Amino acid sequence: MNKAEMADEALFLLLHNEMVAGLYRAAEQGDGENGRCITKLENMGFRVGQGLIERFTKDTARFKDELDIMKFICKDFWTTVFKKQIDNLRTNHQGIYVLQDNKFRLLTQMSAGKQYLEHAPKYLAFTCGLIRGALSNLGIKSIVTAEVSTMPACKFQVMIQKI
Amino acid sequence: MESRRVHWLPEITRAEVRAKEEKGERPPLSKMAVCIAVIAKENYPLYIKSVPTENELKFHYTVHTSLDVVDEKISAMGKALVDQRELYLGLLYPTEDYKVYGYVTNSKVKFVMVVDSSNTALRDNEIRSMFRKLHNSYTDVMCNPFYNPGDQIQSRAFDNIVTSMMVQVC
């Protein structure tokens, strides 16, 4: 049921690409520097994540703990948004989680070599925000960063902020 | 918290309502809530609406009081089995004239519904489906890009859903 609620995948990819391109185009013409674009994308993702998680968790049972929530993000959330699960979830049980996706949907359209590696961060910012927004709405404050070493694969590191 | 004692509040409106019902001036209190509230994660009200508007403060009390019970239920629920970890919390507590029901979303937003005690027609299942309807509508509010999470809910669509669940004032 959740899957049906998500708009068509192609539309999401196109919109996301255009969002990134549009923001950078605006920054080139105006005064803003690159760092601001990343922040903007992240903030957009944050708001979207908040809304999405509200919708996705509507019919699920209450979560048991933090790990339970992370599993939900890796399985259900990721499947609905990116049509596949996270390939590997690791944690040190002290508030750090590493989510590894071997074929991240938003990077698959680019060539797999090193050619566009420097452009990768701007295509990950929105998703970082998405995770952060989802967790924040479930009551977990966090910092999410992403890293890419070889192209379609990427890692998201989630650092939980203990209160 | 000491604020849980709310039973002493005078019940003038109840008597008035009954008198009106007997005279047939008012449809019976069936299938409907008298007060519906949405409480944020941080326990401040996002939305509250009650039907006898002249006695609004009393319902604010009742809802406020129920939050302790909600907290209690949630913390007890953490240890429960998966199939018992439902979003619907059931009856929070009954007072002489009202029954208070609770529901907590995964994002820790609370819905509280106050129902007339005399209203025996309302089954647990119906309350649950009312809450589901409320939750669906709240989700739509959350996904509205013009709504800032944490703000008061001013959506007309949400208001209509709530109004449809409440006792009609004649």
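Use the structure listed above.
First, a word on what this report is: a plain description of the structure on this page. (Residues numbered from 1 in each chain as written. Chains lettered and ligands numbered in written order. Predicted model: local features only at pLDDT ≥ 70, side-chain atom pairs only at ≥ 80, totals over all residues. Heavy atoms only, no water.)

Residue and element names in this part refer to chain B. In space, the five strands of this open sheet follow the order 2-1-5-4-3, with antiparallel pairing throughout. The sheet is open, and its two borders are formed by strand 2 (45-50) and strand 3 (88-94), each paired with just one other strand. Direction aside, the axes of adjacent strands within the sheet are offset by 15 degrees on average. Both strand 1 (residues 33-39) and strand 2 contribute to a ladder of five bridges, which runs antiparallel. (Pairing = 2+ DSSP bridges. Helix = DSSP H or I, 4+ residues; strand = E, 2+ residues; numbered from the N terminus. Axes fitted to C-alpha atoms, helices over the stretch in contact; angles between N-to-C directions.)

Let us look at the interface of chain A and chain B. In this assembly, 18 residues from chain A lie in contact with 26 residues from chain B. Summing both sides of the interface, chain A and chain B together bury roughly 1,900 Å²; the carbon and sulfur share of this comes to 44%. At the boundary of chain A with chain B, the tally comes to two salt bridges. Note that A:Asp59 is salt-bridged to B:Arg132, the shortest N-O span being 2.4 Å. Where chain A meets chain B, there are 15 residue pairs in polar contact (both at pLDDT 80 or more). The leading source of residues in the side of chain A that touches chain B is helix 3 (residues 34-56) of chain A, at five residues. Class assignment for the residues of the side of chain A that touches chain B results in three nonpolar, seven polar and eight charged. (Contact = heavy atoms within 4.5 Å. Buried area = accessible area lost by both parts, 1.4 Å probe. Salt bridge = Lys/Arg side-chain N within 4 Å of Asp/Glu carboxyl O. Polar contact = N/O pair within 3.5 Å; in protein donor to acceptor, adjacent residues only side chain to side chain. Nonpolar A, V, L, I, M, F, W, Y, C, P; charged D, E, K, R; others polar.)

Here we come to the packing of helix 3 (residues 124-142) of chain B against helix 4 (residues 156-165) of chain B. A pair of packed helices is captured by two measures, namely the crossing angle of their axes and the spacing between those axes. Residues and elements named next belong to chain B. Two elements in contact, helix 3 and helix 4, have axes whose closest approach is 9 Å; the angle formed by their N-to-C orientations is 170 degrees. In terms of their interaxial angle, helix 3 and helix 4 are classed as roughly antiparallel. Only Ala157, Phe158, Ile161, Val162, Ser164 and Met165 of helix 4 make contact with helix 3, whose side of the interface consists of Met130, Lys133, Leu134, Ser137, Tyr138 and Val141. By residue class, the composition of the contact of helix 3 with helix 4 is nine nonpolar, two polar and one charged. (Parallel < 35°, antiparallel > 145°, perpendicular 65-115°, else oblique.)

To continue, consider the packing of aromatic side chains. This model, assessed by the stated rule, comprises 14 aromatic pairs over all chains. Residues B:Phe111 and B:Tyr138 carry aromatic rings whose centres are separated by 5.8 Å and whose planes lie at 80 degrees to one another, so their mutual orientation is edge-to-face. Highlighted residues: B:Phe111 in strand 5 (residues 110-116) and B:Tyr138 in helix 3, separated in sequence by 27 residues. As far as burial versus exposure is concerned, B:Phe111 and B:Tyr138 are alike and both buried. In textbook terms, an aromatic cluster arises when at least three aromatic residues are bridged by ring pairs, as seen for A:Phe12, A:Trp78, A:Phe82, A:Phe104 and A:Phe156. One cation-aromatic arrangement involves B:Lys58 over B:Phe59; the distance from NZ or CZ to the ring centre is 5.1 Å. (Phe/Tyr/Trp six-rings, centres within 6.5 Å; stacked < 30°, edge-to-face > 60°. Buried < 20%, exposed > 50% of the residue type's maximum accessible area, 1.4 Å probe, protein only. Lys NZ or Arg CZ within 6 Å of the ring centre and 35° of its normal.)

Attention now goes to the pairing of strand 2 (residues 96-101) of chain A. As a general feature of sheets, a regular strand has side chains that alternate between the two faces. Residues and elements named next belong to chain A. In terms of residue burial, strand 2 counts as a mostly covered element, since five of its six residues are buried. Bridging between strand 1 (residues 88-91) and strand 2 involves four bridges; their strand directions are antiparallel. Of the residues in strand 2, the one forming a bridge with threonine 91 is tyrosine 97. Count of turn residues in the strand 1/strand 2 antiparallel hairpin: four residues, of which histidine 93 carries a positive phi of about 60 degrees. Sheet topology note: the strand 2/strand 4 (residues 154-160) ladder contains six bridges and is antiparallel. From the neighbouring strand, leucine 99 faces strand 4, where its bridge partner is phenylalanine 156.

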